[in-house]
Amino acid sequence: MAHRSMMAVWRLVLALAVGSALPARAESTPHPGCRPPAVLGDVSPGAGGASPGSFLRIGETVYFVADDGEHGAELWKSDGTEAGTVLVKDIQPGPEGSNPGLLTELNGELLFIANDGTRGFEPWRSDGTPAGTVMVRELNAGREGGNPTDLVVMGGKAWLATGDHLTGRELWVTDGTFDGTRLVKDIHPGPGTSITARSMRAVGNTLYFAADDVTHGFELWKSDGTEAGTVLVKDIAAAGASAYPGRLTVVGDTLFFTANDGTTDDDLWRSDGTEAGTVRVAELFGKPLHPAPEELTAVGGRLFFRLDDEVHGPELWVSDGTSGGTRLVRDIHAGAIGSNPHSFVALGDTLYFAADDGHGGVELWKSDGTEAGTVLVKDVRAGSLGASPGELTAADSRLFFTADDGTGATLWVSDGTEVGTRAVDAGVAGGEPLTLTYTGGTLYYSANAEGRGREPHALSPAFFGDCTPPVLTCPADVEAVATGAGGAVVHYSPAQATDGVSEVTLGYGTPSGATFPPGEHPVRVTASDTAGNTASCTFTVRVGAAPGGGPEDSGCGCTSGFAADAPWLLLGALVPLRARRRRSSR
């Protein structure tokens, strides 16, 4: 009987202990990239517009070229806010502008070319400040300038095709300093130009380019950065003729290019950097005069290109670097006219492009390299006119492009499915977007902003993904009594979180089972989904002082949602009563 009575007392104590308060309401925070598209700033006040372009983000700063209507085309920067969108430096004072170009990151700083009005186009560098924006070196004395045409980073240095009055346009290298800028090799001895403009490509630690050394004509060259290591790869067109290597494209560790060996027009070639490994990929025509491969693009270890085989017209082709693996992908526009695929861009292992199938006009297509996997993504503009997709730009797992659905050119986004291909609200993204550039996790572009003309815009691809934070419910407040001077070991119920898209990770400011000292202790709970959206809430653990200063107990003194001392006071009243009943029953 006594045992049953004590159990009843403990049940009453526990009943009081588990009473709960209302759970705390969670605060939701979408991923920072979920903010909508925005104008970076009104660079050129009024309706004229700044026509920005050449976007390049380094760290938290995006650099670009713009004309504010006063200084001409100059270097600007932005931290993503209107107040932080400013002119870096007026390199060429006056309205002409220095026309910066070839913006490239080198070891955390910006490297570019510009014309200060007195020394022509020369290499410059910038750390984002006016004082830190300086000419690297005057390569060609006088107003003509060195006029660099290539700027390629390899091995922590930048390689340039530039020149002076003594050597012509040759291979130079710079580390961004005056002393570290030097001629690598005078391939074409004397003032003659050797390197073909815009032909430089890096494959690992080897730089490839087309050059003329006077003896062999324009052929494929390579360099390891030293004079001795700058050599002819192969004399493709013998007897002093020129092979004119072009369209150099890197696929893995292989270089593809077009060249003319003197017996036929430009064919598809590949090279591993050795003379023996530089070969024609395939003989597709069997005659001297024929169309050349165009739009060479690397996608998932393969090379896609456009070719008119004079049977199907210009269509999509693919090559794995072998003769047998070089083939027509699909005859999209049946017959000899061809679909004329263009604007190639790789997104993962998929090629996106614009093409005309002869029925719906020029629309957005994609290909995995197979005939069955080469399909129309969406007929954006019904009928035969087509939406004329342009500015195709890969950004994370999405494709951005411009298209005209009949209402004017606007910004579009696609996940590769018909339903996931949609227009971005022009009221938010701006009208007639141009110069789409994905850099530093953000899409930058120029667009017409209402009342401002063409200004710089920024958009995070995350805005079109999962921007809904998890639904989070915190545990109820917990009240406990210290079991000693150190406080109490408190175990609380886990928070509840759900997300309709992905798994959720919970984090607690102080874990359950920790020792809480006497007093009030807020415990913050955070729920995060895989997209980076978060929700947080806070509940309180209140620990009262140990009752009567009695002996310490290593057990948990938890209660929830009730005054911490109430169960102990009740127990103190019931235990003497039970003792009197026991004495009276004897």
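Scroll up a little and you will see the structure.
All of these numbers come straight from a predicted model, not from anything done at the bench. (Residues numbered from 1 in each chain as written. Predicted model: local features only at pLDDT ≥ 70, side-chain atom pairs only at ≥ 80, totals over all residues. Heavy atoms only, no water.)

Within the secondary structure, Ser414 sits in strand β33 (residues 409-414). In this structure, Ser414 is in contact with Leu364, Val377, Arg398, Leu399, Phe401, Gly420 and Thr421, ignoring residues within four places of it in sequence. (Helix = DSSP H or I, 4+ residues; strand = E, 2+ residues; numbered from the N terminus. Contact = heavy atoms within 4.5 Å.)

With that settled, the discussion passes to the environment of His188. Topologically, His188 is positioned in the loop between β14 (182-185) and β15 (201-203). Look at His188 and you get buried, because its relative accessible area is 16%. Each C-alpha atom of the pair His188 and Gly168 lies 8.0 Å from the other, and the pair is 20 residues apart in sequence. Setting aside its immediate chain neighbours within four residues, His188 contacts Thr167, Glu170, Thr193, Ser194, Asp212, Asp213 and Val214. (Buried < 20%, exposed > 50% of the residue type's maximum accessible area, 1.4 Å probe, protein only.)

Right, let's talk about the state of the cysteines for a bit. The final tally for this structure, using the stated rule, is two disulfides. Between the sulfur atoms of Cys34 and its disulfide partner Cys467 the distance amounts to 2.1 Å. Given an S-S torsion of about -95°, the disulfide between Cys34 and Cys467 has left-handed geometry. In this pair, Cys34 sits in the loop between β1 (27-29) and β2 (38-39) while Cys467 sits in the loop between β37 (453-459) and β38 (471-473), placing the two residues 433 residues apart along the sequence. Judged by relative accessible area, Cys34 falls into the buried class, the value being 11%. Cys467 gets classed as partly exposed once you look at its relative accessible area, which sits at 22%. A disulfide bridge connects Cys474 with Cys537, and the sulfur atoms are separated by 2.1 Å. Judged by the sign of its S-S torsion, about 95°, the bond between Cys474 and Cys537 is right-handed. Residue Cys474 is found in the loop between β38 and β39 (478-481), and its partner Cys537 is found in strand β45 (residues 534-544); the two are separated by 63 residues along the sequence. (Disulfide = S-S within 2.5 Å.)

A few words now on the sheet that holds strand β18 (residues 231-234). As summarised here, the arrangement of the four strands in space is β15-β16-β17-β18, forming an open sheet in which the pairing is antiparallel. Two strands close off the open sheet at either side, each with one partner strand: β15 and β18. Strand-to-strand, the axes of this sheet are offset by a mean angle of 40°, without reference to chain direction. Relative to strand β17 (residues 218-223), strand β16 (residues 206-212) runs antiparallel, the two sharing six bridges. Pairing of Tyr208 across the sheet is with Lys222, part of β17. (Pairing = 2+ DSSP bridges. Axes fitted to C-alpha atoms, helices over the stretch in contact; angles between N-to-C directions.)

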